Amino acid sequence: MEFVGNRINMKTILATLTVAFLIGRVNLFGGTFPAAAALITVMVAVSTVYIYLVPVLAAAMLTCGGQGIDFYGDLMAMIFCGVFFLFFHRQRFTINQRTAVTVAAVVLFNCLYYAWGHILYLLSVETLIKEAAAVIVYIRVFNTVARVLYIGKSPAAVSNEKMMLALEIMAVSLIGSLGSEPVVFPLWTLAILTVQYCKGIQCSLSMAAVAAAASWCQNLCSPEDFAGLMTALTAGWFFAALADGKYRKTVLAATVFTVLAVSAGQQIYGIAAVIAAFVAVPAGMMTRLWCVAEERFVSEPVSDIDIRLTSIRRELMKKKRAFSSLAKLYGEDMGSRQIISHQFTGMARTVDGIIRDLGGKGENARERELPGIPVGEASYAFEHVSGDSCLSFSFGKNKQALIISDGMGKGSRAAAESKLVVTTLAELLSAGFDVDVAIKTINAILMTGRKSDMFATVDLAIINKETGRAQIFKMGAASTFVKHDGKVSVLKRPAPPVGIVDGVKLEYIDVKLHRGDLLLMVSDGITDCDRNDPQCRWLRERLSSIGSKDPDTVAELIVNKAAEKYGIRERDDLTVMVAAI
């Protein structure tokens with residue numbers, strides 16, 4: 001992402017703007033711009049920040065206005081897609097649903113534009129169908145690249161073949177956006193030569209085929225040019241394989257130039273220039289640059305040993321973070337407890353040494369993980385900061401935890417207490433600590449000889465993602481609600497908050513959740529909003545009447561209703577977490 005905290009990565013912004021401008025100029029079938037609408041659809045799905053690409057794409061399309069092209073239908077479709085997906089950004093559209101909306105917008109706005117101009121007879125149904133197909137292809141391409149570049153997924157999460165094809169289409173499209181045959185064909189040739197030198201004949205022929213298809217869509221180059229190029233690639237690969245490795249690049253370039261010179265015509269000057277540049281670049285530099293790009297986009301095959309090493313490395317990292325955090329917390333107190341701090345620090349350093357011994361082995365491997373349970377959150381703070389904290393995370397092989405903690409009182413002090421409880425509990429559970437040990441550790445931390453009393457509630461739900469069975473731990477927490485087949489049940493268990501008494505006795509509620517159920521966890525600000533309704537009948541009725549299964553929507557509706565019930569009375573902080581099974 002370009003935005004990390006308060007920092008802005010200007011290099012990434014400039015690269016994104018440049019690519020977006022070139023994508024906006026991709027003109028297919030003599031007057032359509034399918035790539036612009038596809039790009040804004042994907043990028044707004046990544047983050048609403050990328051709505052700033054709308055004027056960039058519009059400006060790029062306007063640069064083609066002097067060529068007698070009626071692009072206004074595609075321009076309106078692109079703007080509509082940006083605004084539509086920005087407005088409905090909270091909706092979890094699938095890639096197929098986004099594609100359907102974009103295709104419908106392109107078809108509809110082109111029809112409206114031609115009808116408004118009384119030139120509907122000029123609208124070609126065949127061209128419209130071709131543009132719709134191009135939109136579908138480009139959305140898949142941009143989505144594949146964005147998953148690695150902007151969303152942060154490991155390249156191993158995307159198949160190598162799919163990623164390579166997406167990158168080939170991207171590269172060909174960016175070069176083709178220049179729109180000048182004497183420039184485009186030589187640059188395509190340079191890109192394909194580079195791919196052949198670094199990846200071999202199969203990838204280069206694949207990219208040449210993509211370039212041929214793009215050339216047909218843009219009516220840029222003749223089929224004979226690409227027939228000659230594919231022949232040159234095959235011959236060059238053969239002669240380069242016979243040559244000594246030291247001269248392989250030169251033999252490849254010379255063979256390609258010789259074969260293309262027969263049929264290139266006026267293209268020969270541009271081809272000569274790019275082939276000279278190809279030969280002039282040192283082979284070592286080209287290989288290093290290719291390796292950097294491949295490491296960023298394409299994963300290497302991994303073995304079972306790599307996967308196991310990755311698993312060990314991740315678990316050790318979690319334990320190191322947990323030990324370091326505990327050492328810091330215990331170290332804030334003077335006296336004999338500092339010995340505990342030194343012990344945790346030593347354990348963290350020991351684990352760090354093991355991680356260094358493992359090195360980077362298995363970093364590209366991935367374990368099979370069950371998908372996370374969708375969780376929605378909503379909160380309302382009646383001061384400058386909420387005293388409630390909440391968190392949802394997966395840990396172990398098949399578990400997901402939901403935590404809500406309410407600190408003592410209100411404001412920044414309560415927020416610090418609840419945040420300490422939530423973050424420490426998450427670190428301990430992720431590091432493999434039992435729930436019993438984790439909560440007792442937090443209780444001991446809060447009770448260590450600090451200057452003032454500290455305590456906080458703990459509402460913890462651990463859901464087994466395979467079986468659907470949940471264990472709910474409550475330490476001074478409000479009731480939990482489960483909606484099943486339209487009926488709402490209440491789960492509660494009295495227990496003091498952590499940080500009040502030593503020797504916490506831990507018990508939990510065991511419940512079986514089914515597909516379609518909603519698990520609702522709340523802070524006591526929700527359950528105390530109506531003094532005349534201590535049983536929270538209003539909440540059960542409200543939850544039962546909500547037809548939506550979207551956890552964010554359900555959480556927001558509950559918080560809004562609770563805030564309304566407070567009226568003018570002094571209010572507590574409100575927090576709701578909803579898990580959709």
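Up top is the structure.
Residues numbered from 1 in each chain as written. Predicted model: local features only at pLDDT ≥ 70, side-chain atom pairs only at ≥ 80, totals over all residues. Heavy atoms only, no water.

1. Describing helix 5 (residues 95-116)
Next up, step 1: Taking 1.5 Å of rise per residue, 22 residues should cover 32 Å, and helix 5 covers 31 Å from first to last C-alpha, within 8% of that figure.
Next up, step 2: Taken residue by residue, helix 5 has R98, T99, T102, V103, A105, V106, F109, N110, Y113 and Y114 as its buried positions. Buried positions in helix 5, seen along its axis, are confined to an arc of 155° and lie on one side of it.
Next up, step 3: At its buried positions, helix 5 is contacted by helix 2 (34-46), helix 4 (72-87) and helix 6 (125-149).
Next up, step 4: Taken from the residues just after helix 5, H118 is the one with a positive phi, measuring 55°. (Helix = DSSP H or I, 4+ residues; strand = E, 2+ residues; numbered from the N terminus. Expected span 1.5 Å × (residues − 1). Buried < 20%, exposed > 50% of the residue type's maximum accessible area, 1.4 Å probe, protein only. Arc of directions from axis to C-beta. Contact = heavy atoms within 4.5 Å.)

2. Section: the sheet that holds strand 11 (residues 518-522)
Next up, step 1: Spatially, five strands are ordered 3-12-11-8-9 in an open sheet, and the strand pairing comes out antiparallel. Every other strand in the sheet has two partners, leaving strand 3 (375-380) and strand 9 (487-491) as the edge strands with one partner each. For this sheet, the mean inter-axis angle between neighbouring strands, taken without regard to orientation, is 20°.
Next up, step 2: Here five bridges tie strand 8 (residues 480-484) to strand 9, and the two strands are oriented antiparallel to one another. Bridged to V482 within strand 9 is S489.
Next up, step 3: On the sheet, helix 19 (residues 537-545) packs against strand 8, strand 9 and strand 11 and is oriented at approximately 35° with respect to strand 8.
Next up, step 4: Of the strands in this sheet, strand 3, strand 11 and strand 12 (574-580) are in contact with helix 20 (residues 551-566), which crosses strand 3 at around 25°. (Pairing = 2+ DSSP bridges. Axes fitted to C-alpha atoms, helices over the stretch in contact; angles between N-to-C directions.)

3. Side note on the packing of aromatic side chains
Next up, step 1: Counted under the stated rule, the structure contains 18 aromatic pairs.
Next up, step 2: For the pair F29 and W216, a centre-to-centre distance of 6.3 Å together with 75° between the ring planes defines the contact as edge-to-face. Here F29, found in the loop between helix 1 (10-24) and helix 2, pairs with W216, found in helix 9 (residues 201-218); they are 187 residues apart in sequence, far enough to count as distant.
Next up, step 3: Residue classification places W216 among the exposed positions, given a relative accessible area of 59%. (Phe/Tyr/Trp six-rings, centres within 6.5 Å; stacked < 30°, edge-to-face > 60°.)

4. Side note on the pairing of strand 8
Next up, step 1: Strand 8 sits mainly inside the fold: four of its five residues count as buried.
Next up, step 2: Hairpin connection, strand 8 to strand 9: the antiparallel pair is bridged by two residues, and D485 has positive phi, about 55°.
Next up, step 3: Examined bridge by bridge, strand 8 and strand 11 share four bridges and lie antiparallel to one another. Bridge pairing in strand 11 places K483 opposite L518.

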